[in-house]
2 protein chains.
Amino acid sequence: MPERLTIKDIARLSGVGKSTVSRVLNNESGVSEKTRERVEAVMHQQGFSPSRSARAMRGQSDKVVAIIVTRLDSLSENLAVQTMLPLFYEQGYDPIMLESQFSPERVEEHLRVMRLRHIDGIVLFGFTGINESVLAGWRDSLVLLARDAPGLASVCYDDNGAIALLMQQLYQQGHRHISFLGAPHSDTTTGLRRHQAYLDSCEHYQIPPCAALPGLGMQQGYDYIAGVLTPATTALVCATDMLAIGASKYLQEQHITHLQLASVGNTPLVRFLHPEIITVDPGYNEAGRQAARQLIDQINHQQSPRQIVITARLAPPITTG
Amino acid sequence: MPERLTIKDIARLSGVGKSTVSRVLNNESGVSEKTRERVEAVMHQQGFSPSRSARAMRGQSDKVVAIIVTRLDSLSENLAVQTMLPLFYEQGYDPIMLESQFSPERVEEHLRVMRLRHIDGIVLFGFTGINESVLAGWRDSLVLLARDAPGLASVCYDDNGAIALLMQQLYQQGHRHISFLGAPHSDTTTGLRRHQAYLDSCEHYQIPPCAALPGLGMQQGYDYIAGVLTPATTALVCATDMLAIGASKYLQEQHITHLQLASVGNTPLVRFLHPEIITVDPGYNEAGRQAARQLIDQINHQQSPRQIVITARLAPPITTG
DNA sequence: CTGTTAGCGCTTTCAT
DNA sequence: ATGAAAGCGCTAACAG
């Protein structure tokens, strides 16, 4: 273990006082160009880096944020986390990850622990069942993802826009009997809003609605697709990519090839397995970016909680070649 | 912001000195039962929790470990990370996550940053191209996953055993013409070792080898399976689950149904999409557990670097019903 | 058993 | 423009 250098050492080596080193470290004004350069040279040459803990102790903040995902292997959440990580690092925050496994209790437990750790902020991927009152205490240092709650900062996907885009696309392609596979209304965003958007589009295009709301996993898609297929059905909209994958599996097994699938969630897996599915990209990457930015701004009191909605975009068709 | 309490406050509130509080906090002996209880009562009642940074400053360690995954959406790595997170938290370590994206340069960059941050330890998911000399400086505080390197702690999968299990299973089922899809030998474990194990099994069972080593992704499986199918082929072993998914897609499209697939990597996705595939579980969960344990032990100087191999196990066939 | 006293590495007055 | 000194919250001798 090479003994760690401290600003004291740097001060000695560059023939200045501790405070000057500190000033250089923090890019404060009031240091002559010459001194600054000299100190910087020594720091660089010695590969010096200040102790995080000591700095944290003086300031208020530990510069740590928590990211609570539902599951590590959620493809959509992965895409969001992927973009926020670099942002946090860039701003000097250590992002630590936690899994809620869709359990509200686990969320509460994590929040409790994070509270004790005096963490600076939290990005929480929302899901059905989270008690909003639990989040109240985090008003100023929490950003909710994929869900919104009154008084809390949130980054949401444009559920309505996403479904509308799919429906419009299908309608333009001549489909007049479009079914829907979604999640129960207890799930406000993915469940209720997307279903409502479907119904709205049906009305708008004069399409007879035909929907089932089993949930958002592969298995549900597989198990429940049969229930929404009528002899007239020519297309099926799925609220999530996982539903679509499950549905596709069923269709393959039944050798049903005439059905056009469409789904929200432009993940790499779907694009590979089923490039023929029309997908809408809810903007996972962008959501991650926005969430990180919002949280950082909130921590720095440069921004108060606000609700952000990410615009959905039709994914370009895949050109096989 | 409620002003944070310090041990000083707790000391005052419970009418003892700071050090006594500190002793209680650290479960040190030499405190009368009465005092301890009183202090603990106050701490609990006030919801007190000590400042991490202050403690870190006194001790040597920040209690932070980094987990460098190749990609956030790697299913196998997810399974490993899933089990290590709780262990790290339990031991008071903050696990922070980083993505290497299979770029050796990014790994070096991350290591550089982590060095500056005076992190306690690192779990690194290995891949082809990492320069081992870069890791030399981390001998005592790094655990390599899915790869091994001389002098470094590592947790590896039993490549040989995994393939042998699959081959044995297939042979027992009567297959005599088994092809193989793998990765190039530049990838020492997934590539070279699994291929070698395949060849060994072939020799052992007197099976004519027929292999291609395009890589480990879905697309490669899809693109290269045709090259290893002869009229006699009745089974195909894939070095990874993703290869198998790609291969399956091809088979479906070509309406080839007589081929038995087998693969390493018992991930939920494969089990759902293709329960008919015979899979071996390399022990991702166990690998995560072992890696975390090993790293923690190393940090605490209770263990020197050693190479751990996880035993592979045949996944139970899925009972549909 | 318990309180007092030094610091840990850094930031922040306050002098100079 | 720069240094000296006083802490931040905690732990670790050292006295009682």
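Scroll up to find the structure this text is about.
Only a predicted model underlies this, so the values are computations on that prediction, with no experimental measurement involved.

**Digging into the overall build of chain A**
A count of helices and strands for chain A gives 13 helices and 12 strands. Here the C-alpha atoms of chain A give a radius of gyration of 25 Å, more than 25% beyond the 20 Å that 2.2 N^0.38 yields for 321 residues. Along the three orthogonal principal directions, the C-alpha set of chain A runs to about 85 × 50 × 35 Å. Across the 321 residues in chain A, those meeting the buried criterion constitute 53%. For chain A, restricting intrachain contacts to residue pairs at least 6 apart in sequence, the fraction spanning at least 24 positions comes to 65%. Side chains of chain A give 28 positive and 31 negative charges; the mean places of these two sets differ by 10 Å.

**Overview of the relation of the copies chain B and chain A**
Relative to chain A, chain B is turned by 180 degrees and slid 0.0 Å along the rotation axis, the superposed coordinates differing by an RMSD of 0.1 Å. The superposition operator between the copies reduces to a two-fold rotation axis. A share of 100% of interface residues in chain B that are also interface residues in chain A marks the association as one of identical surfaces.

**Section: empty space enclosed by the protein**
Empty pockets left among the atoms are what a rolling probe the size of a water molecule brings to light. The full count for this structure, using the stated rule, is one cavity of 30 Å³ or more. Considered as a void within the structure, the largest cavity measures approximately 50 Å³ in volume. In this structure, the largest cavity is lined by Leu 72 and Asn 78 of chain A together with Val 69, Arg 71, Leu 72, Ser 74, Glu 77, Asn 78, Val 81 and Met 97 of chain B. Among the elements that make up the lining of the largest cavity, the one with the highest residue count is helix H5 (residues 75-90) of chain B (three residues). Residue classes in the lining of the largest cavity are distributed as five nonpolar, three polar and two charged.

**Some remarks on the sheet that holds strand S6 (residues 178-181) of chain A**
Residue and element names in this part refer to chain A. Taken together, six strands build an open sheet; the order of strands is S7-S6-S8-S9-S10-S12 and the sheet is mixed. Taken across any chain shown, the strands that pair with only one partner, and hence form the sheet edges, are strand S7 (211-212) and strand S12 (313-314). Relative to S12, strand S10 (residues 278-281) runs antiparallel, the two sharing two bridges. What sits directly across from Val 280, in S12, is Leu 314.

**Some words on the interface of chain B and chain A**
Facing 43 residues of chain B, the contacting portion of chain A comprises 43 residues. Along the contact surface separating chain B from chain A lie two salt bridges. A salt bridge links Asp 94 of chain B to Arg 117 of chain A; the shortest N-O distance between them is 2.4 Å. Here chain B and chain A share 19 residue pairs in polar contact (both at pLDDT 80 or more) between them. Contributions of two or more residues to the side of chain B that touches chain A are made by helix H4 (52-58), H5, strand S2 (94-99), helix H10 (218-224), helix H11 (241-253) and helix H12 (268-273) of chain B. A breakdown of the residues in the side of chain B that touches chain A according to their chemical character gives 23 nonpolar, 11 polar and nine charged.

**Quick notes on the side chain of Asp 241 of chain A**
Residues and elements named next belong to chain A. Take Asp 241: it is sitting in helix H11 (residues 241-253). It turns out Asp 241 is buried and unbridged, and the closest side chain with the opposite charge, Arg 194, is 7.3 Å from it. At 2.8 Å, the side chain of Asp 241 and the side chain of Thr 267 are in polar contact. Residues within four places of Asp 241 in sequence aside, it is in contact with Ser 263, Val 264, Gly 265, Thr 267 and Val 270.

**Digging into the protein's contact with DNA strand C**
Near DNA strand C, the surroundings consist of 29 residues, among which Ile 7 and Lys 18 of chain A together with Ser 19, Arg 23 and Thr 35 of chain B are the closest. Considering DNA strand C, the proportion of its atoms within 4 Å of the protein that are sugar or phosphate atoms stands at 51%. Side-chain polar atom of Thr 20 of chain B to a phosphate oxygen of DNA strand C: 2.7 Å apart, as the coordinates give it. A distance of 2.7 Å is found between a base nitrogen of DNA strand C and a side-chain nitrogen or oxygen belonging to Arg 58 of chain B. For the surface near DNA strand C, the elements supplying multiple residues, two or more each, are helix H2 (18-25) and helix H4 (52-58) of chain A together with helix H2 (18-25) and H4 of chain B. Examining the composition of the surface near DNA strand C, we find that five residues originate from one element, H2 of chain A, more than from any other. Residue composition of the surface near DNA strand C, by class: nine nonpolar, 12 polar and eight charged.

**Quick notes on unusual backbone geometry**
Residues and elements named next belong to chain B. Phi at Gln 101 is positive, roughly 55 degrees, even though this residue is not glycine. As for its placement among the helices and strands, Gln 101 is situated in the loop between S2 and helix H6 (104-116). One non-glycine residue, His 301, adopts positive backbone phi at about 55 degrees. By the secondary structure assignment, His 301 is in the loop between helix H13 (284-299) and strand S11 (307-310).

**Overview of the pairing of strand S3 (residues 121-125) of chain A**
Residue and element names in this part refer to chain A. Taken across its five residues, S3 has five buried, putting it largely inside the fold. Here S3 shows a buried face lined by Gly 121, Val 123 and Phe 125 and a second buried face lined by Ile 122 and Leu 124. Of the strand pairs in this sheet, strand S1 (residues 64-69) and S3 are connected by four bridges, and their pairing is parallel. Counterpart to Ala 66 in the pairing with S3 is Ile 122. In this sheet, strand S4 (residues 142-145) lies alongside S3 in parallel orientation, the contact comprising four bridges. Note on S4: the bridge partner recorded for Leu 124 is Leu 144.

**Description of the protein's contact with DNA strand D**
Taken together, 29 residues are adjacent to DNA strand D, and Gly 17, Arg 23 and Arg 58 of chain A together with Ile 7 and Lys 18 of chain B come closest. Within the side chain of Lys 18 of chain B, one N or O atom sits 2.5 Å away from a base nitrogen of DNA strand D. Secondary structure elements with two or more residues in the surface near DNA strand D: H2 and H4 of chain A together with H2 and H4 of chain B. Of all the elements, H2 of chain B adds the most residues to the surface near DNA strand D, at five residues. Class assignment for the residues of the surface near DNA strand D results in nine nonpolar, 12 polar and eight charged.

**Topic: the environment of Gln 168 of chain A**
By the element assignment, Gln 168 of chain A lies in helix H8 (residues 159-172). On a C-alpha basis, the gap between Gln 168 of chain A and His 204 of chain A in space is 10.0 Å, while along the polypeptide they are 36 residues apart.

What counts, and where the lines are drawn
- Residues numbered from 1 in each chain as written.
- Chains lettered and ligands numbered in written order.
- Predicted model: local features only at pLDDT ≥ 70, side-chain atom pairs only at ≥ 80, totals over all residues.
- Heavy atoms only, no water.
- Helix = DSSP H or I, 4+ residues; strand = E, 2+ residues; numbered from the N terminus.
- Rg over C-alpha atoms; globule rule 2.2 N^0.38 Å.
- Buried < 20%, exposed > 50% of the residue type's maximum accessible area, 1.4 Å probe, protein only.
- Contact = heavy atoms within 4.5 Å.
- Lys, Arg positive; Asp, Glu negative; His and termini not counted.
- Charge placed at Lys NZ, Arg CZ, Asp CG, Glu CD.
- Least-squares fit on C-alpha atoms with pLDDT ≥ 70 in both.
- 1 Å grid on protein atoms, 1.4 Å probe; cavity = no way out; pocket = protein on both sides within 12 Å on 5 of 7 lines; lining within 4 Å.
- Points joined across faces, edges and corners; volume = space filled by probe spheres on them.
- Nonpolar A, V, L, I, M, F, W, Y, C, P; charged D, E, K, R; others polar.
- Pairing = 2+ DSSP bridges.
- Salt bridge = Lys/Arg side-chain N within 4 Å of Asp/Glu carboxyl O.
- Polar contact = N/O pair within 3.5 Å; in protein donor to acceptor, adjacent residues only side chain to side chain.
- Near = heavy atom within 4 Å.

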